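# Chains, contacts and geometry: an overview
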Amino acid sequence: MQFTVAIDGPAAAGKGTISRAVAERFGFAHLDTGALYRAVGMKGGDPVEAARALSPEDLARDDLRTMEAGQAASKVAVIPEVRQALLDYQRDFARRAGGAVLDGRDIGTVICPDAEVKLFVTASAEVRAHRRWLEVGGEEAQVLAEVRARDERDMTRADAPLKPAADAVLIDTSGMSVEAAVAAACAEVLARLPG
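As the structure is a prediction and not an experimental result, all values here were calculated from the model. Residues take numbers from 1 onward in each chain, read along the sequence in its written order. Thresholds applied to this predicted model are a pLDDT of at least 70 for local features of residues and 80 or more for the giving and counting of side-chain atom pairs; totals over whole chains, interfaces and linings are not thresholded and use all residues. Side-chain metrics in this entry use all non-hydrogen atoms of the structure; hydrogen atoms and water are not considered.

What follows deals with the UniProt feature "binding site: ATP" (unreviewed entry) in the chain. UniProt positions are given in the numbering used here, feature names are shortened, and annotations may be inferred rather than shown by experiment. The UniProt record annotates "binding site: ATP" (unreviewed entry) at Gly-9, Pro-10, Ala-11, Ala-12, Ala-13, Gly-14, Lys-15, Gly-16 and Thr-17. By definition, any uninterrupted DSSP run of H or I lasting at least four residues is a helix, any uninterrupted run of E lasting at least two residues is a strand, and each is numbered from the N terminus. Looking at where Ala-12 falls in the secondary structure, it is placed in the loop between strand E1 (4-8) and helix H1 (15-26). Exposed residues in this analysis have more than 50% of their type's maximum accessible area, buried residues have under 20%, and partly exposed residues fall in between, with area computed by a 1.4 Å probe over protein chains only. Taking the relative accessible area as the measure of exposure, Ala-12 reaches 14% and is therefore buried. By definition in these notes, contact holds between two residues if any of their heavy atoms fall within 4.5 Å. Once residues within four sequence positions are removed from consideration, Ala-12 is found in contact with Arg-128, Arg-131 and Arg-132. Within the element layout of this structure, Lys-15 appears in helix H1. Given a relative accessible area of 7%, Lys-15 falls into the buried group. Once residues lying within four places of it in the same chain are set aside, the contact partners of Lys-15 are Ile-7, Asp-8, Gly-9, Pro-10, Asp-103, Gly-104, Arg-105 and Val-121.

What follows covers H1. A helix's residues, less one, multiplied by 1.5 Å, set its expected span. Taking 1.5 Å of rise per residue, 12 residues should cover 16 Å, and H1 covers 16 Å from first to last C-alpha, within 8% of that figure. Of the positions making up H1, those classed as buried are Lys-15, Gly-16, Ile-18, Ser-19, Val-22, Ala-23 and Phe-26. The buried residues of H1 occupy one face: seen down the axis, they fall within an arc of 165°. Lining the buried residues of H1 we find E1, strand E2 (29-32), strand E3 (100-104), strand E4 (117-122) and helix H10 (178-192). Gly-27 occupies a position one or two residues after H1 and carries a positive phi of about 75°. The arc in question is formed by the directions pointing from the helix axis toward the C-beta atoms.

It is worth spelling out the UniProt feature "domain: Cytidylate kinase" (unreviewed entry) in the chain at this point. When the UniProt feature table is mapped to this numbering, "domain: Cytidylate kinase" (unreviewed entry) covers residues 5-40 and 60-186. Taken end to end, residues 5-40 is 56% helix and 22% strand, and its first and last C-alpha atoms sit 24 Å apart.

Bringing unusual backbone geometry into the picture now. Look at Ala-12: it is not a glycine, yet its phi comes out positive at around 65°. One non-glycine residue, Ala-160, lies in the positive phi region at around 55°. With respect to the element layout, Ala-160 can be found in the loop between helix H9 (140-156) and strand E5 (169-172).

The next point concerns the sheet that holds E1. By definition, two strands form a pair when at least two bridges between them are found by DSSP. Sheet architecture is open: five strands sit in the order E2-E3-E1-E4-E5, paired in parallel fashion. Two strands lie at the open edges of the sheet, namely E2 and E5, each paired on one side alone. The sheet shows a mean angle of 20° between the axes of neighbouring strands, taken without regard to direction. Relative to E3, E2 runs parallel, the two being bridged by four bridges. Bridged to His-30 within E3 is Val-101. Geometry is summarised by axes, namely lines fitted to C-alpha atoms with helices restricted to the contacting stretch, and by angles between N-to-C directions that run from 0 to 180 degrees. The strands touched by H1 are E1, E2, E3 and E4; relative to E3, the strand with the most contacts, the crossing angle is about 180°.

In structure tokens:
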């Protein structure tokens, strides 16, 4: 069975947590597409060459969840040649047998526009900054400024800007528990599973 769940949204909205839980609940493979971009950004050098030469070792780096990696990802993700280099990898992953969950910024709009389920997970900038601050520490006001700067970059880039697919279901996690957000996502998947 091929069944694709596309989960998009801004940084620290909860899409990774929800994606992993949905994949586990339904036995689907999971791909955090942001990790691809974070790995490319953290490799340094020419980002297009880094994207073309991405290896499993690059994806296993232990610094991919840092604020630095997130900022690096946002900067290389605006380069159309980087996006193109990673496109086929993501599409092949999405159509694998047994089902797949992909989370990112443009899964439902560009990578998998025909996904069986499209979710857009969001939360207020303040809530997302607080979550990221709890994860990485630092000065909370600075984290909020970085979240807002990243949102601006991601939403206004010319190639594949962050926006919900027209047919995506919106899940605003600002006031939701993790359990409630996962339950809402799982309900959408369950409603669309064949048979």
